[in-house]
Amino acid sequence: MSVGGRTDLPVLLPFRPRGSAQGPAFRLRARHGLMLAAALTLSVGVAEAQTAPGAPSIIATILKWTPLLAQGFALNIAMSFLAMAIGTVAGFPLGLGQVSLLGPARGVSWFVTQFFRNSPWLVLLFYCMLLMPFEVSIGGTIVALPGWLKSTIGLSLPVMANVSELVRGAVRSIPYGQWEASEALAFSRAQTLRMVILPQCIKRMTPPWMNLYAILTVATPLTSVVGVSEAMTLTGDILSSEARTELLVPLYLYLLLWFFLYCYPIARATQALERGFQVR
Amino acid sequence: MPQWTPDQPLIRILDVHKAFGAITVLRGVSLDVMKGEVICVIGPSGSGKSTLLRCINALVTIERGSILVEGQEVNDPKLDKLKLRRKVGMVFQQYNLFPHRTALQNVMMAPIHVLKRDRREVEEQARKLIRKVRLEGKEESYPGELSGGQQQRIAIARSLAMNPDVMLFDEVTAALDPETVKEVLFTIRELAEEGMTCVIVTHEMGFAREVADQIYFTDGGVLVEHGPPKEFFANPRDPRTRQFLDQIL
């Protein structure tokens, strides 16, 4: 045993929280992006060397397809936005149901939450694709349900279940004294939730909620499996139309870089918010 | 039910029993609090003091016995709890201020949303109360920016804003630094002198001796003995009281 940095006694080591309960210990960092960019550069170099004489260069080919890829990527983002919105709007009441005083409401909310939280996303996606009709009639007008919309709903189901858990966890994390003080001031339970508990929850929920959004965004390429023309599907289409095997690795890395550039700022903002809360 | 009149006890506790699962906390407690009276409840940890307070405003339900607050039975499933709690203010050991609201908002919330009083009138009263607890200038501070003693005084102001008939204090100085204990006790003493009915659970013997009209000593879920402070501290009759006072004084 020794003091001053070199000690094997845990109590003497500086306190370092091991991955907060609200999120994964892994964080996107700038160096991950640099590694990705380096891998892309390397793969482009290797691919250029393999390019047959007379064929257009790899960089030129990638640039040629970039506008199409951007279109596909825009659909990924649109689906992530919509699925997050639907999932949040549906998940919030579900989470409140989980902390309800009514036993049956609590039980049903718990079951729905656990069911969708523990089902593989791809399974839910297939269910939505195959079980939902391709059009619905709302008040006499026929509304088409395109594949991207159905798969967005499919993605929103696990989001809903995760938001529900976030709400439940946040409500449970508020000290009991807050409930007691509100009760003693003659607030009703609804008032207590609305004015005392939930405002505090929203602050606590924001970082994990943003984290969930980043996870959802990188999950949107799953919809390529059910035939949605998003960036991943388009990458495959481009590869088959170009019919050049050396393009495969650079193009997928290129797409990966897009996702990184989109998710990295979100990860940074999440970290900044978490740090801010620790100071408070 | 006969109408309650101010010459009857404001709080009448009769043979109250309470258990949490297998642990019996209160085994037949009875006491009366008259209007304007200041009661201090002392006793070792785990003797049921805090539970007794929580029974009075129905934060804890009792198994047997009766609690009348201004003639209204608290141990009644049909009890309008919100109505009861408007009459009974409570201050907690851990302050329990709402951390997302400023000091002023903490004081104003309940009168506005529960009593549905006019916002401007409530704000005027809230500022007055904050002055009264000597925290003028801290209206816009958040609880996290205040010291423990300051938070506790805001909590007292928050409770007073409901214009309660009786105030319950649950070991309100137990979590405070010694130097801030005094300021909180000062505020409570002022309230007591103004004629507020107070039930105070405390470990501050000097304070209890000074401020109380009656001291109650609890041990093992029963009220062992009670009396005016002078008598109580000078000649405790029960051996348990004597033992407790020997340890603490």
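Structure: above.
None of the values given here were measured: they were computed from a predicted structure.

Trainee: It is not clear to me how the overall build of chain A should be interpreted in this structure. Could you clarify?
Mentor: Looking only at helices and strands, one finds nine helices and two strands in chain A. Ordering the α and β elements of chain A from the N terminus gives α-α-α-α-β-β-α-α-α-α-α. Excluding contacts between residues fewer than 6 apart, the proportion of contacts in chain A whose partners are at least 24 apart in sequence is 75%. Accessible surface computed for chain A: about 15000 Å², of which carbon and sulfur atoms make up 70%.

Trainee: How should the layout of surface pockets be read in this particular structure?
Mentor: The rolling of a water-molecule-sized probe over the atoms marks out the regions of remaining empty space. Residues and elements named next belong to chain A. If you add up the space inside the second largest pocket, you get close to 450 Å³. Every residue lining the second largest pocket is counted, 21 residues in all, and those nearest its centre are L28, A214, I215, V218 and C263. Contributing elements (two or more residues each) for the lining of the second largest pocket: helix 7 (189-219) and helix 9 (248-279). For the lining of the second largest pocket, a count of residues per class yields 18 nonpolar, two polar and one charged.

Trainee: Teacher, can you tell me more about the interface of chain A and chain B here?
Mentor: How big an interface is tends to be stated in terms of accessible area lost as the parts join. Between chain A and chain B, the contact holds 16 residues from the first and 23 residues from the second. Counting each side, the surface lost to burial between chain A and chain B is near 1700 Å², with a carbon and sulfur contribution of 64%. Counting every contact that joins chain A to chain B gives two salt bridges. A salt bridge links E183 of chain A to R85 of chain B, with the shortest nitrogen-to-oxygen separation between them at 3.3 Å. The tally of links between chain A and chain B comes to six residue pairs in polar contact (both at pLDDT 80 or more). For the side of chain A that touches chain B, the secondary structure elements donating two or more residues are helix 6 (176-184) and helix 7 of chain A. With seven residues, helix 6 of chain A is the single largest residue contributor to the side of chain A that touches chain B.

Trainee: Sorry if this is basic, but what is going on with the packing of aromatic side chains here?
Mentor: The description of an aromatic ring pair uses the distance of the two centres, along with the angle that the planes make with each other. Residue and element names in this part refer to chain A. Under the counting rule described, the total for this entry stands at 12 aromatic pairs over all chains. Summarising the aromatic geometry, the rings of F73 and W258 are spaced 5.3 Å apart at their centres and angled 70° between planes, so their arrangement reads as edge-to-face. In this pair, F73 sits in helix 2 (residues 58-98) while W258 sits in helix 9, placing the two residues 185 residues apart along the sequence. This pair shows no difference in class: F73 is buried, exactly as W258 is.

Trainee: It is not clear to me how the packing of helix 2 of chain A against helix 3 (residues 103-118) of chain A should be interpreted in this structure. Could you clarify?
Mentor: In a pair of packed helices, the angle between the axes and the distance between the axes together describe the arrangement. All names here are of chain A. Helix 3 packs onto helix 2 with a crossing angle of 130° between their chain directions and a minimal axis gap of 7 Å. By the angle between their axes, helix 2 is oblique relative to helix 3. The two elements helix 2 and helix 3 cross, and the hand of that crossing is left-handed. The segment helix 2 lies against helix 3, with L94, G97 and Q98 engaging A105, R106, S109, W110, V112 and T113.

Trainee: Mind showing me how you'd approach unusual backbone geometry here?
Mentor: The bulk of non-glycine residues show a negative phi, and the bulk of peptide bonds are trans. Here the phi dihedral of A243 of chain A falls at roughly 50°; this positive angle occurs in a residue that is not glycine. The residue A243 of chain A is located in the loop between helix 8 (231-242) and helix 9 in this model. You can call A243 of chain A exposed: its relative accessible area is 64%. Even without being glycine, N96 of chain B reaches a positive phi, approximately 55°. If you trace the backbone, N96 of chain B turns up in the loop between strand 6 (88-91) and helix 3 (103-113). Here N96 of chain B falls in the buried class, since its relative accessible area comes to 11%.

Trainee: Looking at this model, I keep getting lost on the side chain of S100 of chain A. Mind explaining?
Mentor: Mapped onto the fold, S100 of chain A is located in the loop between helix 2 and helix 3. If sequence neighbours within four positions are ignored, S100 of chain A has contacts with A105 and R106 of chain A.

Trainee: Would you mind showing me how to read the sheet that holds strand 5 (residues 72-73) of chain B here?
Mentor: Strands in a sheet are paired, the pairing made by backbone hydrogen bonds, and the direction either parallel or antiparallel. All names here are of chain B. Strand order in this open sheet of four strands is 2-1-4-5, and the pairing throughout is antiparallel. Two strands bound the open sheet, and with one partner strand each, they are strand 2 (23-33) and strand 5. Summarising the sheet, strand 1 (residues 11-20) and strand 4 (residues 64-69) pair through five bridges and their orientation is antiparallel. Residue pairing across strands places R12 opposite L68, the latter belonging to strand 4.

Trainee: I would appreciate a short explanation of the pairing of strand 2 of chain B in the present structure.
Mentor: Both faces of the sheet carry side chains from a regular strand, because those side chains alternate between them. Residues and elements named next belong to chain B. As paired strands, strand 1 and strand 2 are joined by eight bridges and run antiparallel to one another. Paired with I13 across the two strands is L31, which belongs to strand 2. Hairpin connection from strand 1 to strand 2: two residues lie between these consecutive antiparallel strands, with G21 at a positive phi of about 65°.

Trainee: Any chance you could explain the pattern of salt bridges here in plain terms?
Mentor: Where charged atoms from two side chains of opposite charge come close, those side chains can pair. Residue and element names in this part refer to chain B. Within this structure, the stated rule accounts for 20 salt bridges over all chains. Measuring nitrogen to oxygen at the nearest pair gives 2.7 Å for the salt bridge that ties R12 to D32. In this pair, R12 sits in strand 1 while D32 sits in strand 2, placing the two residues 20 residues apart along the sequence. Note on R12: relative accessible area 33%, which makes it partly exposed. On the basis of relative accessibility, which here comes to 26%, the residue D32 falls in the partly exposed class.

Trainee: When you look at the sheet that holds strand 7 (residues 166-170) of chain B in this model, what are you seeing that I'm missing?
Mentor: Residues and elements named next belong to chain B. If you trace the six strands from one edge of the open sheet to the other, you get 6-7-8-3-9-10, paired in mixed fashion. Of all strands in the sheet, those bounded by a partner on one side alone are strand 6 and strand 10 (222-227). The sheet shows a mean angle of 20° between the axes of neighbouring strands, direction not considered.

Trainee: Would you mind going over the packing of helix 3 of chain B against helix 4 (residues 119-132) of chain B with me for this structure?
Mentor: Residues and elements named next belong to chain B. Viewed as axis vectors pointing N to C, helix 3 and helix 4 meet at an angle of 130°, and their least axial separation amounts to 9 Å. Classified by the angle between their axes, helix 3 and helix 4 sit oblique to one another. Here the hand of the crossing between helix 3 and helix 4 comes out right-handed. On helix 4, the residues touching A103, L104, V107, M108, P111 and I112 of helix 3 are R119, V122, E123, A126, R127, L129 and I130. Partitioning the contact of helix 3 with helix 4 into residue classes produces 10 nonpolar, no polar and three charged.

Trainee: Sorry if this is basic, but what is going on with the environment of V60 of chain B here?
Mentor: All names here are of chain B. Structurally, the position occupied by V60 is in the loop between helix 1 (49-56) and strand 4. The buried category is assigned to V60, whose relative accessible area is 13%. Along the chain, V60 and N75 lie 15 residues apart, while their C-alpha atoms are 9.9 Å from each other. Sequence-distant contacts of V60, defined by excluding residues within four places in its chain, comprise K18, F20, T51, R54 and C55.

Procedures and definitions
Residues numbered from 1 in each chain as written. Chains lettered and ligands numbered in written order. Predicted model: local features only at pLDDT ≥ 70, side-chain atom pairs only at ≥ 80, totals over all residues. Heavy atoms only, no water. Helix = DSSP H or I, 4+ residues; strand = E, 2+ residues; numbered from the N terminus. Contact = heavy atoms within 4.5 Å. Areas by Shrake-Rupley, 256 points an atom, 1.4 Å probe, with all protein chains shown as cover. 1 Å grid on protein atoms, 1.4 Å probe; cavity = no way out; pocket = protein on both sides within 12 Å on 5 of 7 lines; lining within 4 Å. Points joined across faces, edges and corners; volume = space filled by probe spheres on them. Nonpolar A, V, L, I, M, F, W, Y, C, P; charged D, E, K, R; others polar. Buried area = accessible area lost by both parts, 1.4 Å probe. Salt bridge = Lys/Arg side-chain N within 4 Å of Asp/Glu carboxyl O. Polar contact = N/O pair within 3.5 Å; in protein donor to acceptor, adjacent residues only side chain to side chain. Phe/Tyr/Trp six-rings, centres within 6.5 Å; stacked < 30°, edge-to-face > 60°. Buried < 20%, exposed > 50% of the residue type's maximum accessible area, 1.4 Å probe, protein only. Axes fitted to C-alpha atoms, helices over the stretch in contact; angles between N-to-C directions. Parallel < 35°, antiparallel > 145°, perpendicular 65-115°, else oblique. Left-handed = near helix turned anticlockwise from the far one by under 90°. Pairing = 2+ DSSP bridges.

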